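# Structural description and commentary
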Amino acid sequence: MTPPETEPPSQTDIAVVGGGLVGPALALALARLGLRVVLVDRLAEPVRRDPAFDGRAYAVALGSSRVLAALGLWSELEPLAQPIADIRVSEGQPGAYPGAALHFDPRASDEGRVGWILEDRFLRRALLEAVAAEEGITHRAPAEVLAADLEGPAARLTLSDGQVIAAPLAVGADGRRSPLGAMAGIGRQVLRYDQVGLVASIEHEGDHGGVARQSFFPGGPFAVLPLPGGHRSSLVWSERTRAAEGLMRLDDAAYTKALQARIGTGFGPGLSSGLSSGLGKITLAGPRRSHPLDLSLADSYVGPRVVLVGDAAHGVHPIAGQGFNLGLRDVAALTEVLTEGARAGRDLGEPALLQDYERWRRFDNVSFALGMDALNRLFSNANPLARALRGLGLGLVDRCPPATRFFMREATGMSGQTPAMMRGELP
């Protein structure tokens, strides 16, 4: 039930709906450029600030580190992040050594580096602290958008706390189903995979050496990402739904045993050697989490006085760990478009202005999403012919330096037209 209006609408330049990571980053960028922003988050700030809120870690591409630098956050975050010193991709082969393998050396890339691994707890805290310190941002949390009137010269958002926000533009950064996008009449294509992502932090006897490892199994990709200190890593394990449910029902000891076996068959000699790709014995270093995997693509990024960013526009498979990076590229592009529009005195909700952003980002995002979908389908099956073709393809890429440099360039996030924030500066 929509609550009655208890006071006149609160006027602002931009309303950003969604308090995850992309929403606060966009709010900061716009506020630093002189726009008044209301940030609406359905969760209370203490919930978001809890270090145990989300156990994931993110691959922060070089371009994304520059976006964070433009926001004044990277100097604080870089010491907490693990540089990626090496990338090794293989095809898992249960019960034996890994199949075909591919090696990326970031030092051979144009930039000399690819990125870092950064835990959610540090990134989220830095964003929230910066939001709290920014005078141009009004942070309304907990609050949800119950209704949106998108006719006329402003979007009017009625919140669950009784407040009404009026702004020329409302930005949906509210996740893969984007309630705000639905209120704006934006359709969505959703493809549900028969896969679940298992996430946890682990500790191990051996030093990871800064190596990011990913192996492909019939059930889905399996990644172990290095964290600072040498003896901690972040686990991202994609598995068929039924198998994943069975794994989540195991106690910690049995789960760890299954995990140790998967690491051994994915990255190195079996357990009989006592080694798992040099990591040695592993233990869980935090709670286990799981979430279903799908592909979610908005039919349009623009609706009446609404524009979508991040997962609200494109929720991709975590096979390459690039969802967060794509979201920050959206932030950089939309910030540049809106800043130029504001300086020219244009209506920030003007469709022609917002379509400039959509043309900039949509092809890149959809191409990447469909590419990751194709890779997941190619590698997540046990067909012998497909396995042979995968091995041939990995071997060819591994022996072709121009191809490996191309893939590393893509991984930095610095390909194509780069907005100012991806060069480390505000527009």
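These lines cover the structure that appears in this document, whether it is placed above or below. (Residues numbered from 1 in each chain as written. Predicted model: local features only at pLDDT ≥ 70, side-chain atom pairs only at ≥ 80, totals over all residues. Heavy atoms only, no water.)

## Overview of the overall build of the chain
What counts, and what does not: Helical segments are the DSSP runs of H or I of at least four residues, strand segments are the runs of E of at least two, and each set is numbered from the N terminus. Whether a residue is buried, partly exposed or exposed follows from its accessible area with a 1.4 Å probe, protein chains only, as a fraction of its type maximum: under 20%, in between, or over 50%, in that order. Here a residue-residue contact requires only that any non-hydrogen atoms of the pair lie within 4.5 Å. Areas reported as accessible are Shrake-Rupley estimates using a 1.4 Å probe. Residue values count occlusion only from the protein chains shown.
Counting its regular elements, the chain contains twelve helices and 22 strands. Residues counted as buried form 53% of the 427 residues belonging to the chain. Residue pairs in contact within the chain that sit at least 24 positions apart in sequence constitute 73% of those at least 6 positions apart. Carbon and sulfur atoms make up 55% of the accessible area of the chain, which amounts to about 17,300 Å² in all.

## Thoughts on the sheet that holds strand E12 (residues 164-167)
Here is the rule: For two strands to be treated as a pair, DSSP must find at least two bridges joining them.
Here four strands make up an open sheet; going across it, the order is E1-E12-E11-E10 and the pairing mixed. The two strands at the open ends of the sheet, each matched to only one other strand, are strand E1 (10-11) and strand E10 (145-149). Pairing of E1 with E12, which is carried by two bridges, proceeds in the parallel orientation. Paired with Gln11 across the bridge in E12 is Ala166.

## A word on unusual backbone geometry
Following Ala141, the chain continues to Pro142 via a peptide bond in cis, the omega torsion being 0°. Turning to its location among the elements, Pro142 is positioned in the loop between strand E9 (137-140) and E10. You will see that Ser178, though not glycine, has its phi angle at about 35°, which is positive. A positive phi angle, close to 55°, is found at Arg305, a residue other than glycine. By secondary structure assignment, the location of Arg305 is in the loop between strand E20 (302-303) and strand E21 (306-308). You can call Arg305 buried: its relative accessible area is 11%.

## Some words on the nonpolar core
Note on soluble globular proteins: their nonpolar side chains tend to be buried together. Our working rule: Buried Ala, Val, Leu, Ile, Met, Phe, Trp, Tyr and Cys residues form a nonpolar core when they are joined through side-chain atoms within 4.5 Å.
Ile14, Leu77, Leu123, Leu157, Val171 and Leu338 are the most contacted members of the largest nonpolar core, which has 77 residues in total. Those residues in contact with Leu157 that lie beyond four places of it in its chain are Ala15, Val17, Val145, Ala147, Ala148, Gln163, Val164, Ile165, Ala170 and Leu180. Counting 17 residues, the second largest nonpolar core, distinct from the first, contains Phe222, Val224, Trp237 and Leu284.

## Digging into the side chain of Ser238
Relative to the assigned elements, Ser238 resides in strand E17 (residues 232-240). By relative accessible area, Ser238 is classed as buried at 2%. Setting aside residues up to four positions removed in sequence, Ser238 forms contacts with Val196, Gly197, Gly219, Gly220, Pro221, Leu293 and His317.

## As for the sheet that holds E21
Keep this limit in mind: Throughout, an axis means a line fitted to C-alpha atoms (over the contacting stretch in the case of helices), and angles, computed between N-to-C directions, take values from 0 to 180 degrees.
The strand order across the open sheet built from six strands is E9-E3-E2-E13-E21-E20, with neighbouring strands paired in mixed fashion. The sheet is open, and its two edges are formed by E9 and E20, each paired on a single side. In terms of strand pairing, strand E3 (residues 37-40) meets E9 through four bridges, oriented parallel. Bridge pairing in E9 links Leu39 to His139. This element, helix H1 (residues 22-32), spans strand E2 (14-17), E3, E9 and strand E13 (169-172) of the sheet and lies at about 170° to E3.

## With respect to the side chain of Glu358
What counts, and what does not: Counted charges follow a simple rule, with Lys and Arg positive, Asp and Glu negative, and His plus the chain ends left uncounted. Salt bridges are identified by distance alone: a Lys or Arg side-chain nitrogen within 4 Å of an Asp or Glu carboxyl oxygen.
The topology assignment puts Glu358 in helix H10 (residues 351-379). One buried charged side chain, Glu358, makes no salt bridge at all; its nearest oppositely charged neighbour is Arg362, positioned 4.0 Å away. Those residues in contact with Glu358 that sit more than four places away from it in its chain are Ser300, Tyr301 and Val302.

## Some remarks on the packing of H1 against helix H5 (residues 120-133)
Angle between the axes and distance between the axes are the two parameters that describe a pair of packed helices. Our working definition: Left-handed describes a crossing whose near helix is turned anticlockwise from the far helix by less than a right angle; the clockwise case is right-handed. Think of it as three bins: nonpolar holds Ala, Val, Leu, Ile, Met, Phe, Trp, Tyr, Cys and Pro, charged holds Asp, Glu, Lys and Arg, and polar takes everything else, Gly as well.
Close contact between H1 and H5 brings their axes to 10 Å; oriented N to C, the two are set at 35°. Crossing hand, H1 versus H5: left-handed. In this structure, H1 contributes Pro24, Ala25, Leu28 and Arg32 to the contact, and H5 contributes Leu127, Ala130 and Val131. Counted by class, the contact of H1 with H5 contains six nonpolar, no polar and one charged residues.

## With respect to the packing of aromatic side chains
For clarity, the threshold we go by: Only rings of Phe, Tyr and Trp enter the pairing, Trp through its six-membered ring, and a pair is recorded when the two centres are within 6.5 Å. The plane angle decides the type: under 30 degrees is stacked, over 60 is edge-to-face, the rest tilted.
What the rule picks out here adds up to six aromatic pairs. Look at Trp74 and Trp116: their rings are 4.9 Å apart centre to centre, the planes differ by 70°, and that puts the pair in the edge-to-face class. Taken together, the residues Trp74 in helix H4 (residues 74-77) and Trp116 in strand E8 (residues 115-119) connect sequence positions 42 residues apart. Take Trp74: its relative accessible area is 8%, and that puts it in the buried class. Overall, the relative accessible area of 4% leaves Trp116 in the buried class. Measuring from ring centre to ring centre gives 6.0 Å for Trp237 and Tyr255, while their planes differ by 50°; the resulting arrangement is tilted. On the criterion of sequence distance, the pair formed by Trp237 in strand E17 and Tyr255 in helix H8 (residues 252-267) is long-range, its members being 18 residues apart.

## Brief notes about the pairing of E8
Consecutive side chains of a regular strand alternate in pointing toward one face of the sheet and then the other. Taking burial as the measure, the five residues of E8 include five buried ones, the bulk of the element. Burial along E8 is two-sided: Gly115, Ile117 and Glu119 and Trp116 and Leu118, pointing in opposite directions, are all buried. Looking at chain direction, strand E4 (residues 57-61) and E8 are connected through five bridges and run antiparallel. Looking at E8, one finds that Tyr58 is bridged to Leu118. Two elements, strand E5 (residues 82-83) and E8, share two bridges in a ladder whose sense is antiparallel. Bridge pairing in E8 places Gln82 opposite Ile117.

## Looking at the pairing of E17
Relative to E17, strand E14 (residues 188-204) runs antiparallel, the two sharing nine bridges. What sits directly across from Val199, in E17, is Val236. Strand direction decides the pairing type here: strand E16 (residues 220-227) and E17, joined by six bridges, are antiparallel. By the bridge assignment for E17, Ala223 is matched with Val236.

Structural measurements only, silent on function.
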